[in-house]
Amino acid sequence: MEWDEGGIHQGLIAKLRNSNHITVLTGAGISAESGVPTFRQAQSGLWAQYDPQQLATPQAFRRNPRLVWEWYSWRRELVNKAKPNPGHIALATMEQQVSRFTLITQNVDDLHRRAGSQNIIALHGDILKTRCIDCRTYTEDALQNENIPPRCFHCGGLLRPDVVWFGESLPTEALEAAFTAARECDLFLSIGTSTLVEPAASLPFIALQNDIPVVEINPEETPLSGSATYQLKGAAGKVLPELVRSVWQV
Ligand code: BJW
Ligand code: ZN
């Protein structure tokens with residue numbers, strides 16, 4: 001089922017209105033309209049020569065900690081300058097309208113939180129936090145440190161961004177909560193994600209296996225598109241506010 005300029009499918013409007021539990025999975029696409037590059041776009045400009053697998057892995061950090069740290073510093077600055085867009089805000093509004101709402105995000109920015117979303121499961125960590133690779137002490141003021149990468153105040157170990165790199169495990173509790181929310185909801189929305197990176201990419205398929213309708217919002221095709229119950233082909237910042245207005249008149 002496709003999004004058409006004439007409006008949103010009546011069946012989807014009714015489904016949203018009658019859902020007691022909505023689960024949403026977001027990816028980098030929802031923050032693109034805030035000026036935060038998507039994961040693939042983040043390999044642009046100065047960084048175009050590097051493969052994502054060479055920057056977002058523990059091996060890359062071991063090989064060249066300075067390079068990886070500088071890539072994250074550039075992205076952290078973009079996140080700090082960014083503001084939530086109408087897509088983030090529409091999801092915070094949606095949360096107010098339904099009795100149960102679970103927002104699972106792969107994003108490492110804090111834009112959902114700043115938009116006012118409450119029940120957030122962050123699968124891939126937080127780019128604004130750092131932790132020591134040796135003693136695992138967390139810190140938020142590593143940036144005052146003179147070294148690149150900065151060193152741990154306790155043990156002198158290297159500090160790294162508190163994100164989940166390729167080959168690393170996702171936080172167990174968050175992952176379990178995400179799988180449960182995908183299995184137990186009445187409607188699942190997959191927004192602005194390429195549906196390529198596992199295990200997050202499996203979540204909409206888990207919903208489908210449990211006969212839960214899945215809505216995809218993305219201007220491009222993804223491996224989910226052919227299976228999604230409703231495909232709303234467009235930018236999240238345009239589609240989501242319209243969806244929320246059509247269903248709840250807010
Ligand atoms: C818009 C838009 C607009 C644009 N509106 N939309 C099973 C099979 C095969 C491989 C594996 C497997 N299980 C595990 C793996 C290995 C690996 C993996 O998935 N590899 C794949 C590449 C195949 N997974 C892992 O290693 C995970 N760990 C794990 O499973 O541990 C156990 C294990 C290890 C090894 C083997 C087996 C098991 C960890 C994954 C961690 C991902 N981390 C990153 C980096 C985080 C830190 C950082 O940001 O630097 O997370 S990678 C990167 O991808 C980032 C993102 O959160 C994630 C997803 O990307 P996303 O959000 O989909 O963004 P993009 O850029 O790809 O797409 C943007 C989309 O938006 C596009 O579709 C656009 O069209 C759309 N868009 N504008 C709406 N306005
Ligand atoms: Zn330490």
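Residues numbered from 1 in each chain as written. Chains lettered and ligands numbered in written order. Predicted model: local features only at pLDDT ≥ 70, side-chain atom pairs only at ≥ 80, totals over all residues. Heavy atoms only, no water.

Draft legend 1. Structural view of unusual backbone geometry. Each neighbour pair has its own omega, and for I148 with P149 the value is -15°, a cis peptide bond. By the secondary structure assignment, P149 is in the loop between β5 (138–139) and β6 (159–163). The omega torsion across E198 and P199 is 5°, close enough to zero to call that bond cis. You can see P199 is positioned in the loop between β7 (187–191) and α9 (203–209). (Helix = DSSP H or I, 4+ residues; strand = E, 2+ residues; numbered from the N terminus.)

Draft legend 2. Region of interest: the coordination of the zinc ion (ligand 2). Taken together, the protein ligands of the zinc ion (ligand 2) are C132 (SG), C135 (SG), C152 (SG) and C155 (SG), with distances of 2.3 to 2.4 Å. For the zinc ion (ligand 2), the four donor atoms in the first shell make angles of 100 to 116° at the metal, so the coordination geometry reads as tetrahedral. Counting residues between consecutive donors of the zinc ion (ligand 2) along the chain gives the motif C-x2-C-x16-C-x2-C. You can see C135 sitting in the loop between β4 (125–132) and β5 and its partner C155 sitting in the loop between β5 and β6, a full 20 residues away along the chain. (Donors = N, O, S within 2.8 Å, 3.2 Å for Na, K, Ca; no water. Tetrahedral: all angles 85-135°; square planar, octahedral: opposite > 155°, others 65-115°.)

Draft legend 3. Just the packing of helix α6 (residues 86–97) against helix α10 (residues 236–248), in detail. Two numbers describe how α6 lies on α10: the axes approach to 7 Å, and their chain directions differ by 25°. The angle between the axes of α6 and α10 places the two elements in the roughly parallel class. Taken as a pair, α6 and α10 cross one another with a handedness that is left-handed. Two secondary-structure elements touch here, α6 through P86, G87, A90, L91, T93, M94 and Q97 and α10 through A236, G237, L240, P241, V244 and W248. (Axes fitted to C-alpha atoms, helices over the stretch in contact; angles between N-to-C directions. Parallel < 35°, antiparallel > 145°, perpendicular 65-115°, else oblique. Left-handed = near helix turned anticlockwise from the far one by under 90°. Contact = heavy atoms within 4.5 Å.)

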